[in-house]
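Residues per chain are reported as follows:
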Amino acid sequence: MSTVVLETMALSKVYGRRPVVDAINIAAHEGEVFGFLGPNGAGKTTTLGMALGLIHPTSGAVQVLGEWVTPGNTRVLRQVGALLGAPALVPHLTARENLDLMARLSPGVDRRRIADVLDQVGLFEAAGRKVGAFSTGLKQRVGLALALLNRPRFLILDEPTNGLDPAGMREIRQLIRALVAEGTSVLLSSHLLNEVQQVCDRIAVLNRGQVVAQGRVEDLLRSQRSGVRLRVPALEPAVDVLRALPGVHAISVEDGLLLVSGVDNQAVLQHLLHNGIIPTELTAQTGDLESLFMSVTA
């Protein structure tokens with residue numbers, strides 16, 4: 001059984017009376033890319049903040065690499081690399097100088113590693129340029145290089161491909177898989193579900209502070225029932241009718257279309273026609289991470 005590199009135990013954070021993170025239990029394992037997903041405001045950033053000792057939990061606990069983490073106990077985080085949001089860079093310094101500054105401030109980091117990480121993230125040629133003139137994508141690459149300086153056993157990445165073009169996104173995906181092959185475990189938080197489906201082994205989906213799905217990507221997609229996307233003259237009557245159809249797992253609305261999971265298109269069509277509703281558009285849904293995400297967060 002693989003080692004757990006990140007585990008939360010009934011982890012909660014309440015601001016005022018509002019639970020932002022509500023007693024969640026997630027586990028990321030060694031040697032995998034773990035996807036951490038959820039809509040804006042789901043509690044992902046707060047959870048990662050508690051995992052990195054930046055935020056006090058209201059209750060519950062979090063372990064990283066087998067050690068408890070709190071704002072007063074962050075020793076284990078020397079073995080962790082993190083890129084959360086926009087990286088904090090010194091704009092009048094070059095990319096190489098920013099890395100050199102971080103290396104000087106970080107115990108145990110070999111400054112000779114700077115050239116390696118610049119090459120890893122595709123910044124070797126731009127290393128001598130001041131980062132203040134960098135695009136968002138190039139700044140993200142510098143942030144990723146900073147996260148890799150200490151040869152982390154566990155790497156936490158929040159939207160690492162922000163600002164990158166498609167070729168840059170593919171390079172980062174390839175880098176993530178290469179890091180895992182070399183022994184680094186990765187937690188990836190991203191809104192790009194196609195990217196997550198391509199690179200992640202397991203995922204957890206957070207919605208309104210609670211875990212609504214967790215497991216291996218292939219298992220979750222395999223268990224996802226067939227579904228139908230349809231347009232009807234009136235939404236509410238159709239929703240009421242479809243709720244009575246045996247096998248319906250979830251019904252949601254997106255861009256004026258009804259998304260019905262758990263049944264096939266023939267069953268939906270026959271049931272609607274039997275109840276006097278004629279759809280103007282009806283297509284079968286393919287099982288993918290976007291469909292799963294929408295069904296559990298709707």
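The rules behind these values
- Residues numbered from 1 in each chain as written.
- Predicted model: local features only at pLDDT ≥ 70, side-chain atom pairs only at ≥ 80, totals over all residues.
- Heavy atoms only, no water.
- Helix = DSSP H or I, 4+ residues; strand = E, 2+ residues; numbered from the N terminus.
- Buried < 20%, exposed > 50% of the residue type's maximum accessible area, 1.4 Å probe, protein only.
- Contact = heavy atoms within 4.5 Å.
- Areas by Shrake-Rupley, 256 points an atom, 1.4 Å probe, with all protein chains shown as cover.
- Pairing = 2+ DSSP bridges.
- Axes fitted to C-alpha atoms, helices over the stretch in contact; angles between N-to-C directions.
- Expected span 1.5 Å × (residues − 1).
- Salt bridge = Lys/Arg side-chain N within 4 Å of Asp/Glu carboxyl O.
- Lys, Arg positive; Asp, Glu negative; His and termini not counted.
- Arc of directions from axis to C-beta.

With that out of the way, let us pick up the overall build of the protein chain. When helices and strands are tallied, the protein chain shows 10 helices and 15 strands. Seen through its C-alpha atoms, the protein chain measures out along the principal axes to roughly 75 × 40 × 40 Å. Here the protein chain holds 298 residues, and the buried ones make up 49% of them. Here the analysis covers contacts within the protein chain between residues at least 6 apart in sequence; of these, 67% occur between residues at least 24 apart. Accessible surface computed for the protein chain: about 14,700 Å², of which carbon and sulfur atoms make up 50%.

Another aspect to go through is the sheet that holds strand 13 (residues 250-254). Here four strands make up an open sheet; going across it, the order is 13-14-12-15 and the pairing antiparallel. Edge positions in the sheet fall to strand 13 and strand 15 (281-285), since each of these pairs with one other strand and no more. For this sheet, the mean angle separating the axes of adjacent strands, direction not counted, is 20°. Examined bridge by bridge, strand 12 (residues 227-231) and strand 15 share five bridges and lie antiparallel to one another. Across the sheet, arginine 231 pairs through a bridge with glutamate 281, a residue of strand 15.

Compared with an ideal rise of 1.5 Å per residue, which puts 13 residues at 18 Å, helix 4 (residues 136-148) spans 19 Å between its outermost C-alpha atoms and is within 8% of the ideal. In terms of residue burial, helix 4 counts as a mostly covered element, since 11 of its 13 residues are buried. For helix 4, the set of buried residues is Gly137, Leu138, Gln140, Arg141, Val142, Gly143, Leu144, Ala145, Leu146, Ala147 and Leu148. The inward-facing, buried residues of helix 4 contact strand 7 (80-84), helix 2 (95-105), helix 3 (113-120), strand 8 (154-158) and helix 5 (166-181).

Below, the discussion takes up the sheet that holds strand 9 (residues 185-189). Strand order in the open sheet formed by six strands is 7-8-9-4-10-11, with mixed pairing between adjacent strands. Edge positions in the sheet fall to strand 7 and strand 11 (210-216), since each has one partner strand and no second. Between one strand axis and the next, the sheet turns through 10° on average, direction left out of account. In terms of strand pairing, strand 8 meets strand 9 through five bridges, oriented parallel. Bridge pairing in strand 9 links leucine 157 to leucine 188. Contacts from helix 4 reach strand 7 and strand 8, with the element oriented near 160° to strand 7. Each of strand 4 (33-37), strand 8 and strand 9 is contacted by helix 5, which is oriented at about 130° to strand 4, the strand it contacts most.

Within the secondary structure, glutamine 266 is located in helix 9 (residues 265-274). Through-space distance from the C-alpha of glutamine 266 to that of leucine 52 is 49 Å; in sequence the pair is 214 residues apart.

This part is about the pattern of salt bridges. Throughout the structure, instances matching the rule amount to 10 salt bridges. Residue arginine 202 pairs with glutamate 32 through a salt bridge whose shortest N-O separation is 3.0 Å. Of this pair, arginine 202 sits in strand 10 (residues 202-207) while glutamate 32 is found in the loop between strand 3 (27-29) and strand 4, placing the two residues 170 residues apart along the sequence. Per residue, the accessibility class of arginine 202 equals that of glutamate 32, and both read buried. Of the charged contacts, one joins arginine 216 and glutamate 218 as a salt bridge, the two residues approaching to 3.7 Å between their closest N and O atoms. Residue classification places arginine 216 among the partly exposed residues on the basis of a relative accessible area of 36%. Residue glutamate 218 is classed as partly exposed on the basis of its relative accessible area of 45%.

On to the side chain of lysine 13. Relative to the helices and strands, lysine 13 resides in strand 1 (residues 4-15). No salt bridge is formed by the buried lysine 13; its nearest oppositely charged neighbour, aspartate 22, is found at 13 Å. Those residues in contact with lysine 13 that lie beyond four places of it in its chain are Arg18, Pro19, Val20, Val21, Thr46, Met50, Ile55, His56, Pro57 and Thr58.

Before going further, it helps to spend a moment on helix 3. Inspection of helix 3 places Arg113, Ile114, Val117 and Leu118 among the buried residues, and these make up the whole buried set. Down the axis of helix 3, the buried set is contained in an arc of 135°. They therefore lie on one face. On the buried face of helix 3, the contacting elements are helix 2 and helix 4. Note on helix 3: the residue one or two positions beyond its end, glycine 122, has a positive phi of about 75°.

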